[in-house]
Every structure is written in structure tokens, then in C-alpha cells.
Amino acid sequence: MPSVRVFSLICVLSSALPCAAAAETVWRETGSLAADEAHQAAAAEGEHVYAITNDRVARYDRRSGERLAISCGEAQHLNSGFVWQGRLYCAHSNYPHTPELSQIKVLDLATMRLTTFHDFGDFGGSLTWVVRHDGAWWCNFARYDESNSQTFLVRFADAWQPTGRWSYPPSVVKHLGKRSISGGVFRDGELLATDHDHRWLYRLRVPPEGQVLELVAIEPAPFAGQGIAHDPKTGGLLGIDRAQRRVVFAEPSVPSARK
């Protein structure tokens, strides 16, 4: 893996973390890959890594860092992506235009052609991340500026009927500024979410009752916000450092004081 750097983030990030429930996990950087398209998110499958920018997706060789292909097909504002059943699914919107129109775009990994998988139209927000979890589609619709407390997560059945809807707690919203929630994945039965530019993950729980997600902890991470995804090769996560145009790989560790 190119440009591998292994180091602990505990001391570096602990002073920057907001007050929250004690973090049981710290995410440490285990490697990185330079990618001009590392602007919105990253995803991976096997020996390939995908860097996502507004209007295209690039495929990279995980080991050499060589760019192998670039997507074709129309896109305006791609966001987070995840690989499922051999295809890459990306949240997409017309942000910052209104009315807010959202779709799920799908990338055929054989042809690198990007097409629309599902069109939500105006659903009340800009789609920033989508994942498949527990037999359902989970989609995050972001609101911005003074309305970002209205950002919401929706669970959909396969026929796209909503089966649940949740907002984010004030303990998360207060850190967003005028931005919103940018990425999310489910791990160990809980939701890990990112915002626009903070180097931490919000660990959240979907409540058995009620419509507000529960904040469990805020965990230090090497991703500078934006979209994240599972890394099936390492079992960790990958995301981006937008300013440095890097795909960043990370794995969890437990602070020594808690081992």
C-alpha cells in the first residue's frame, strides 16, 4: 500500500475532541493513497479503491496507487459510495440548487458507466449517503445552514416505502456549524457518521422507540469529514483527507488506558 503511515491518533486528537461520552475506540491511520478525485468520499473492493469527486469516480490499484479508469456518465454532486453485489452505489444531489433533487447513482464496475439507480425527486433534503443494511436501504437527507437540525435519516424497504425516519440529536447538530452529515456506515449494530470536516466519527444508535438517534460516543479518526466506507480487505474503514487529496485507510484500536 503506498505512502503507509502507522501512528496513534490518541494524543494528537484528544485535545480537539468535543465533550461527549467517552470514546472506547480510536481510529488510527494505517495507510493512504494519493488521488486527485479524493474530494467527496472513497470506497473499495478487493484490490481496487474508488475515489469519488463531484462528477466522476476513479478506480485505483490498491497496491501501486496507479489510476486505472475514470467513470463516464452524467453526475453533478456525488457524495458517499459503497460497493454492494459488484456495483458501486453513490448518493447524488443537485446541491446547492433548489428544489433539492436527489438520486442514487450506480457505477457498473465492468464498464465504469455511471447511471441513475433510483430517483427520489424532491424528498426534502440533499442525499449525502446511502448504504444497504439489515435488508433495507438507509438514506441520509441533509439540510444546511440554519436548517441543518432538520437533517434526517430514512430507512426504505426494497420497493422504496419508508419504514422509519430519524433526526440527529442536538449533541451532534451543535458541532455541524452550517454544514451537515456527510457520511455513514453501520458497524457492530451501530451507526458511524461523519460531518463535513471534523476528524472524528459520531457513533450513534438507532433507538427501539422514538425518532431521534442516540449519541453513544465521538471517536477520533484520521478522516477529515466527508464520506466513509467499509474496507472489505482489511475489515477497517476508508475515507478521505480532502485538503491533501488522499484516500485514508484506518483500523480501530482501544486506548491503552481502557485495554
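For the structure, see preceding data.
Residues numbered from 1 in each chain as written. Predicted model: local features only at pLDDT ≥ 70, side-chain atom pairs only at ≥ 80, totals over all residues. Heavy atoms only, no water.

**Considering the sheet that holds strand 5 (residues 67–70)**
Let me state the cut-off plainly: Here, any two strands with at least 2 DSSP bridges between them count as paired. The helix and strand labels rest on DSSP assignments: H or I over at least four residues marks a helix, E over at least two residues marks a strand, and numbering proceeds from the N terminus. The convention used is that axes are lines fitted to C-alpha atoms, helices contributing only their stretch in contact, and that angles between N-to-C directions extend from 0 to 180 degrees.
Taken in spatial order, the four strands of this open sheet run 2-3-4-5, and their pairing is antiparallel. For this open sheet the edge positions go to strand 2 (41–45) and strand 5, each flanked by a neighbour on one side alone. Put simply, the sheet's adjacent strands are angled 25 degrees from each other on average, direction ignored. By the bridge criterion, three bridges tie strand 4 (residues 57–61) to strand 5 in an arrangement that is antiparallel. What sits directly across from Ala58, in strand 5, is Ile70.

**Observations concerning the nonpolar core**
The condition that has to hold: In this description, a nonpolar core means a group of buried Ala, Val, Leu, Ile, Met, Phe, Trp, Tyr and Cys residues linked to one another through side-chain atoms lying within 4.5 Å. Throughout this description, buried means an accessible area under 20% of the type-specific maximum (1.4 Å probe, protein chains only), exposed means over 50%, and partly exposed covers the range between. Here, two residues are considered to be in contact whenever any of their heavy atoms come within 4.5 Å of each other.
Ala35, Val57, Leu78, Leu88, Leu107, Leu238 and Val247 are the most contacted members of the largest nonpolar core, which has 28 residues in total. In this structure Leu88 touches Ala43, Tyr50, Val57, Gly81, Phe82, Val83, Lys105, Val106, Leu107 and Leu109, once residues within four positions along its chain are discounted. With 19 residues, the next largest nonpolar core counts Leu153, Leu176, Phe186 and Trp200 among its residues.

**Some words on unusual backbone geometry**
Note that the residue after Tyr95, namely Pro96, is joined by a cis bond; omega there is 10 degrees. For Pro96, the position within the fold is in the loop between strand 7 (87–93) and strand 8 (102–108). Residue Pro99 is reached from Thr98 by a cis peptide bond, and omega for that bond is -5 degrees. Backbone geometry at Met112 places phi at a positive 60 degrees, although glycine is not the residue there. Assignment of secondary structure puts Met112 in the loop between strand 8 and strand 9 (113–121). Of note in this structure, Arg245 is not a glycine but carries a positive phi near 50 degrees. The topology assignment puts Arg245 in the loop between strand 19 (237–241) and strand 20 (246–253).

**Quick notes on the pattern of salt bridges**
Under the convention used in this document: Within this document, salt bridges are pairs made up of a side-chain nitrogen of Lys or Arg and a carboxyl oxygen of Asp or Glu, the two lying within 4 Å of each other.
Going through the model one piece at a time under the given rule, you end up with 14 salt bridges. Between Arg67 and Glu37 there is a salt bridge, and its shortest N-O distance comes to 2.6 Å. Of this pair, Arg67 sits in strand 5 while Glu37 sits in the loop between strand 1 (26–34) and strand 2, and the two are 30 residues apart along the sequence. Ionic pairing is found between Glu219 and Arg203, a salt bridge with its closest N-O pair at 2.5 Å. Remark: Arg203 occurs in strand 16 (residues 200–205) and Glu219 occurs in strand 17 (residues 214–220); sequence separation between them is 16 residues. For the pair Glu219 and Arg203, a shared accessibility class is recorded, and that class is buried. Look at the salt bridges and you will find they share partners, linking Glu190, Arg203, Arg205, Glu214 and Glu219 into a network.

**Brief notes about the sheet that holds strand 11 (residues 136–142)**
With respect to topology, four strands assemble into an open sheet ordered 10-11-12-13, the strand pairing being antiparallel. The open sheet is flanked by strand 10 (126–133) and strand 13 (162–167), the only strands paired with a single partner. Across the sheet, the mean angle separating the axes of adjacent strands is 20 degrees when strand polarity is ignored. In this sheet, strand 12 (residues 152–156) lies alongside strand 11 in antiparallel orientation, the contact comprising five bridges. Across the sheet, the residue bridging to Phe141 is Phe152, located in strand 12.

**Concerning the pairing of strand 7**
With six of seven residues buried, strand 7 is to be regarded as a mostly interior element. Both strand 7 and strand 8 contribute to a ladder of seven bridges, which runs antiparallel. Following the sheet pairing, Leu88 is matched in strand 8 by Leu107.

**Let's talk about the packing of aromatic side chains**
Convention followed: The aromatic pairing rule takes the rings of Phe, Tyr and Trp, using the six-membered ring of Trp, and pairs them if the centres are within 6.5 Å, calling planes under 30 degrees apart stacked, those over 60 edge-to-face and the rest tilted.
This structure, assessed with the given rule, holds 22 aromatic pairs. With a centroid separation of 5.3 Å and 85 degrees between ring planes, the pair formed by Trp84 and Trp137 is classed as edge-to-face. In this pair, Trp84 sits in strand 6 (residues 77–84) while Trp137 sits in strand 11, placing the two residues 53 residues apart along the sequence. Note on Trp84: relative accessible area 25%, which makes it partly exposed. Between Phe120 and Phe156, the aromatic rings sit 5.4 Å apart at their centres with planes inclined by 45 degrees, giving tilted as the arrangement. Of this pair, Phe120 sits in strand 9 while Phe156 is found in strand 12, placing the two residues 36 residues apart along the sequence. Overall, Phe120 belongs to the buried group, its relative accessible area being 12%. Under the relative-accessibility criterion, Phe156 is labelled buried at 1%.

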